Amino acid sequence: MLDFPRWKITGIVGVLLIAVLLAIPSLLPERIVSQSPVNLPRINLGLDLAGGSYLLLEADTNDVAAAKIETMRDQIATEMRRGNPTIAIGDISGRDGKLSFMVRDPSQVDAARERLLGIVGSGVGMTGQREWDVEVVDSTRFVLTPTKAGLAQEVDRAMSVATEVVRRRIDELGTREPTIIRQGTDRIVVQVPGLQDPQALKDLLGKTAKLEFKLVDVNADPQQVAQGIAPIGDVILPFADDPSGQRKIALKRSTVISGDQLADARQEFDQQNGQPVVAITFNGEGGRRFARVTQENVNKPFAIIVDNQVISAPNIDEAIMGGRAQIRGGFSVQSANELAIALRSGKLPVDLKVVDESTVGPDLGQDSIRAGILASAVAAAAVVAFMLVTYGRFGVYANLAVIINVFVILAAMAIISATLTLPGIAGFVLTIGTAVDANVLINERIREERRRGRSVVQAVELGYKEASRTIFEANMTHAISGLVMLLMGSGPVKGFAVVLLIGIATSVFTAVTFTRMLVALWIRKNRPTDINI
Amino acid sequence: MRLLKIVPDNTNIGFVRLRYWAFGLTLLLSIASVALVGVKHLNFGVDFVGGLMIEERFPSPPEIDKVRSTIDRLGVGTSTLQQFSDPRLVTIRLPVQDGADEGATNRVVRTVEQALAKEFPGATFSRYSTVSGKVSSELVRNGILAVVLAMIGISLFAIFRFEWQFGVSTFVAILHDLLMTLGFFALTQLEFDLTIVAAVLTIIGYSINDKIVIDDRIRENMRKYRSMSMSDLVDLSVNETLPRTVMTSVTILLALGAMLFLGGHVLRGFTAAMILGVIVGTYSSIYVSSSLLITLGLRAQPPAPGSGGKAERIAEQP
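None of these values were measured; they are calculated from a predicted model.

Student: Would you mind showing me how to read the overall build of chain B here?
Tutor: What chain B contains, in helices and strands, is nine helices and six strands. The globule rule puts the C-alpha radius of gyration for 318 residues at 20 Å, and the 26 Å found for chain B is more than 25% above it. By its C-alpha atoms, chain B is 90 × 50 × 35 Å across when sized along the principal axes. Scored against the burial criterion, the 318 residues of chain B give a buried share of 54%. Counting contacts in chain B only where the partners sit at least 6 residues apart, residues at least 24 apart contribute 78% of the total. When the 29 basic and 27 acidic side-chain charges of chain B are each reduced to a single mean position, those positions are 4 Å apart.

Student: What should I look at first to understand the overall build of chain A in this one?
Tutor: When helices and strands are counted, chain A shows 15 helices and 19 strands. The C-alpha atoms of chain A give 33 Å as radius of gyration, which overshoots the globular expectation for 533 residues (24 Å, by more than 25%). Structurally, chain A occupies a C-alpha span of about 110 × 55 × 45 Å along its principal axes. Of all 533 residues assigned to chain A, the portion counted as buried reaches 51%. The contacts in chain A between residues at least 6 apart in sequence include a share of 68% that link residues at least 24 apart.

Student: Teacher, can you tell me more about the side chain of Ser289 of chain B here?
Tutor: Residues and elements named next belong to chain B. Tracing the backbone shows Ser289 in helix α9 (residues 268–295). Owing to a relative accessible area of 1%, Ser289 belongs among the buried residues under this scheme. A polar contact is formed between the side chain of Ser289 and the backbone oxygen of Ser285, at a distance of 3.0 Å. Not counting residues up to four positions away in its chain, the partners in contact with Ser289 are Ser169, Ala173, Lys211 and Ser284.

Student: Any chance you could explain the confidence of the model for chain A here in plain terms?
Tutor: Caution applies to low-pLDDT regions: their predicted coordinates should not be interpreted in detail. In this model, chain A carries a mean pLDDT of 85, and residues with pLDDT of at least 70 account for 97%. By mean pLDDT, the top-scoring element of chain A is helix α12 (residues 393–415) of chain A (91), and the lowest-scoring one is helix α2 (residues 30–34) of chain A (75).

Student: What am I meant to see in the sheet that holds strand β17 (residues 324–327) of chain A here?
Tutor: Residues and elements named next belong to chain A. With antiparallel pairing, the three strands of this open sheet are ordered in space as β13-β14-β17. Each of the sheet's edge strands pairs with one partner strand only, and the pair in question is β13 (262–269) and β17. Pairs of neighbouring strands in the sheet enclose a mean axial angle of 25 degrees, with direction left out of account. Relative to β17, strand β14 (residues 276–282) is paired through four bridges, and the arrangement is antiparallel. Residue Ala279 lies in a different strand from β17, and its bridge partner there is Gln326. Taken strand by strand, helix α9 (residues 284–296) contacts β14 and β17, and its axis lies near 110 degrees from that of β14. In the packing of helix α10 (residues 333–344) onto the sheet, the strands contacted are β13, β14 and β17, and the crossing angle to β13 comes to about 170 degrees.

Student: Whenever I open this one, the interface of chain A and chain B confuses me. Can you help?
Tutor: Reports of interface size often rely on the accessible area that becomes lost once the parts have come together. Every contact between the two is made by 82 residues of chain A and, on the other side, 78 residues of chain B. Both faces considered, chain A and chain B share a buried interface measuring about 6900 Å² in area, 62% of it formed by carbon and sulfur atoms. If you sort the residues of chain A by the area they bury against chain B, Phe386, Glu473 and Met488 of chain A come out on top, with a joint share of 9%. For the pair chain A and chain B, the interface holds nine salt bridges. The partner of Glu240 of chain B in a salt bridge is Arg452 of chain A, with the nearest N and O atoms 3.5 Å apart. Taken together, the residues of the side of chain A that touches chain B sort by class into 40 nonpolar, 23 polar and 19 charged.

Student: Would you mind showing me how to read the confidence of the model for chain B here?
Tutor: Chain-level pLDDT for chain B is 84 on average; 92% of the residues reach the 70-or-more range. At the level of chain-chain contacts, confidence expressed as ipTM amounts to 0.83, with global pTM at 0.76.

Student: How should helix α7 (residues 198–206) of chain A be read in this particular structure?
Tutor: An α-helix turns once per 3.6 residues; consequently, residues spaced three or four apart project the same way. Among the residues of α7 of chain A, those classed as buried are Leu201, Lys202, Leu204 and Leu205 of chain A. What you see down the axis of α7 of chain A is that its buried residues fit within an arc of 165 degrees, all on one side.

Student: Looking at this structure, I do not really get the side chain of Asp210 of chain B. What am I missing?
Tutor: Residue and element names in this part refer to chain B. Structurally, Asp210 can be placed in helix α7 (residues 194–224). Within polar-contact distance, the side chain of Asp210 engages the side chain of Arg244 at 2.7 Å. Among residues more than four places away in sequence, those in contact with Asp210 are Arg244, Thr245, Gly281, Thr282 and Ser285.

Student: Looking at this model, I keep getting lost on the pairing of strand β7 (residues 179–183) of chain A. Mind explaining?
Tutor: For a regular strand, side chains alternate in direction, first toward one face of the sheet and then toward the other. Residues and elements named next belong to chain A. The buried fraction of β7 amounts to five of the five residues, a majority that puts the element mostly inside the structure. Here β7 shows no split at all, with Thr179, Ile181 and Gln183 on one side and Ile180 and Arg182 on the other all buried. With five bridges connecting them, β7 and strand β8 (residues 187–193) associate as antiparallel partners. Considered in β8, the bridge of Thr179 is made with Gln191. Following β7, the chain reverses through three residues before pairing antiparallel with β8; Gly184 in that reversal takes a positive phi of roughly 60 degrees.

Student: Is there a simple way to explain helix α5 (residues 137–161) of chain B in this structure?
Tutor: With 25 residues, α5 of chain B should reach 36 Å at 1.5 Å per residue; the first-to-last C-alpha distance of 36 Å fits that figure. Among all positions of α5 of chain B, only Leu139, Gly143, Ala146, Val147, Ala150, Met151, Gly153, Ile154, Ser155, Phe157 and Ala158 of chain B are buried. Where α5 of chain B is buried, its residues meet α6 (148–171), α14 (456–488) and α15 (492–526) of chain A together with α6 (164–188) and α7 of chain B.

The rules behind each value
- Residues numbered from 1 in each chain as written.
- Chains lettered and ligands numbered in written order.
- Predicted model: local features only at pLDDT ≥ 70, side-chain atom pairs only at ≥ 80, totals over all residues.
- Heavy atoms only, no water.
- Helix = DSSP H or I, 4+ residues; strand = E, 2+ residues; numbered from the N terminus.
- Rg over C-alpha atoms; globule rule 2.2 N^0.38 Å.
- Buried < 20%, exposed > 50% of the residue type's maximum accessible area, 1.4 Å probe, protein only.
- Contact = heavy atoms within 4.5 Å.
- Lys, Arg positive; Asp, Glu negative; His and termini not counted.
- Charge placed at Lys NZ, Arg CZ, Asp CG, Glu CD.
- Polar contact = N/O pair within 3.5 Å; in protein donor to acceptor, adjacent residues only side chain to side chain.
- pLDDT = per-residue confidence, 0-100.
- Pairing = 2+ DSSP bridges.
- Axes fitted to C-alpha atoms, helices over the stretch in contact; angles between N-to-C directions.
- Buried area = accessible area lost by both parts, 1.4 Å probe.
- Salt bridge = Lys/Arg side-chain N within 4 Å of Asp/Glu carboxyl O.
- Nonpolar A, V, L, I, M, F, W, Y, C, P; charged D, E, K, R; others polar.
- Arc of directions from axis to C-beta.
- Expected span 1.5 Å × (residues − 1).

Written out as structure tokens, the structure is:
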């Protein structure tokens, strides 16, 4: 117990000193820190405490209608062909928010209507309203118009998916704790705390991340392609690396594989030339399809398309098995990473445009924060005073430990640049509470052992030994719950867990090791025969 | 200096004797809590259910707490205020009103508009729209899953480190604390928002801490007093840890008391939940988890042959 060699003391004091120094930038006002020549790590204050950047995103609802019509068009084409008997249709087109097609054989009109109602009928939404109006003009031409209710529902569905995709993308950036709110029918409010670079956020959210693989039409006439005239069954798309949009390529219209079949996407480096690439992994079905398509098209080029821009159009040298592929295309590490995040968080069902940008004040309001700070100061003073009158000298040590612990937690959070929000503060309060509890446990044990008639040194030693076991058990349980919440939770649950985990590690050190050192030094120096505890 | 001692030395309170009453009471309160949540529902705040967003432009940067108190007096729910880079522009978020049809929404908007115009001459109302909650259903699902998995993880840990009875009793006790807290929120209809989620997590944390401390002492005493009856042993352990339980609870309540009175209204629900949690958690450590150990049939190892003596204290290393 009394055996605290000099190197150990130096070590403990050294670690704590460094931690206190690292915590200081987080406590100083931002304008003082920003003047410092070195870049000091600092805690990010969350939206509720300090505000942050604000983006208002707006969805293009015409897009949703167009996509809805496009899907229906594909569905009709397949169903008419697949059913028995086959119904030949022609002149199918989606224009002006309507979808129309013609039945070639007039005697099949009734059968076509029957089959069409089967398709459209299956699209009846939860509200029980029809999603399409169907009418027949000129006895063979069908015209489908999406109803208002159907469109509204479609927009609503798209927006809720979009909101989740936006959240996933921001969560990928680290423990940011964004606020994401749907506003009105077609807008999303995004608030991110302390973001230095709103442009990166805008780039990330602006990507639709629609990934497609299409075969290149090698027979297309290059001159016609340059003029934008597509052969039948083809589409013409520009290359992403050519901002002028001059370089174009003709591709088969049908998409062989799409991003829906992705299992994962990561930024990696090319084995051969060390260039940043995006490595993608398909899910089972996508992998099989990818293998089949590449097998059937060896020595032909295919194009990798993101958001209707061709990233690259390599030749298929051999069949690619195993469901893994690389997207190359002159990426930087950052742009490859952004694309990987966008692909893995899923495709936005609708394009989002930034319509407003601003900074916002704290969610909680300056007044509440002032009140909170005052309350915390009074609470801290009360706890310190109470520990002092209960445990005397041992209370002083406990208080020292708690104060230093606060600094150490702040330092640790600054190093991993965690975001501190109100739930984080709750985690803080819990850690401080259990740290105080650790000292209460130790001191009560010492009291107990003194009552049993043990000598000062023995009582202190046993007190620390027995209490340490209890403290270990309690902290292990805490750590388990913290870990689960960190891995599973997001938003406030995650913020709480981060602070809790850091606090567990630091409080054991300060509440047990540090106070033990102080007590040992005092006993060694004074050799008391009785202690006031 | 004479030091303060809240709990006298060597208390001998018969906690365990009352356990059947306590079980009855606990069961009754738990059922009541579930029923309350089922019937009255939780009063979810704007964080969860979304609501209205009103943008108000003031002639000069307003005092935020004055705006807040003006709106609070209207009885339209708790508001969340946020200032933009232009501090004269303030957004006001309000939860969805009961039976919100368009008419009701418009009435709320008009009430707020008129009250603000009266209190702050020159304030103009620029627009309003409906907003979703901050918390999507996916987030809620993940959060609940995280808490449930954490509870299971803790119970497994307790089974692994102690005996299976400790795992079960800890799980039941945490569940009890959760139910009580939710019941309290259903009863008082205090707004349940993201800060309360943090408070609930903190409550669980404190409560687990409390249980492990007592559990650890029970285990220790089981080794020391091998032939003592389980109920005496639990009583002894709870009494031995009583000074610590009271000390810690008083310390925390002191801190929370300061928060309740000085923390302003945003922290009030948070603090109320925590105070309730400390009380409920302490109760459940003694009357739910510890007493349950007896019912679950935990017993000390039979005395090793030849050790003799009743309630013999196993020697400790000095």
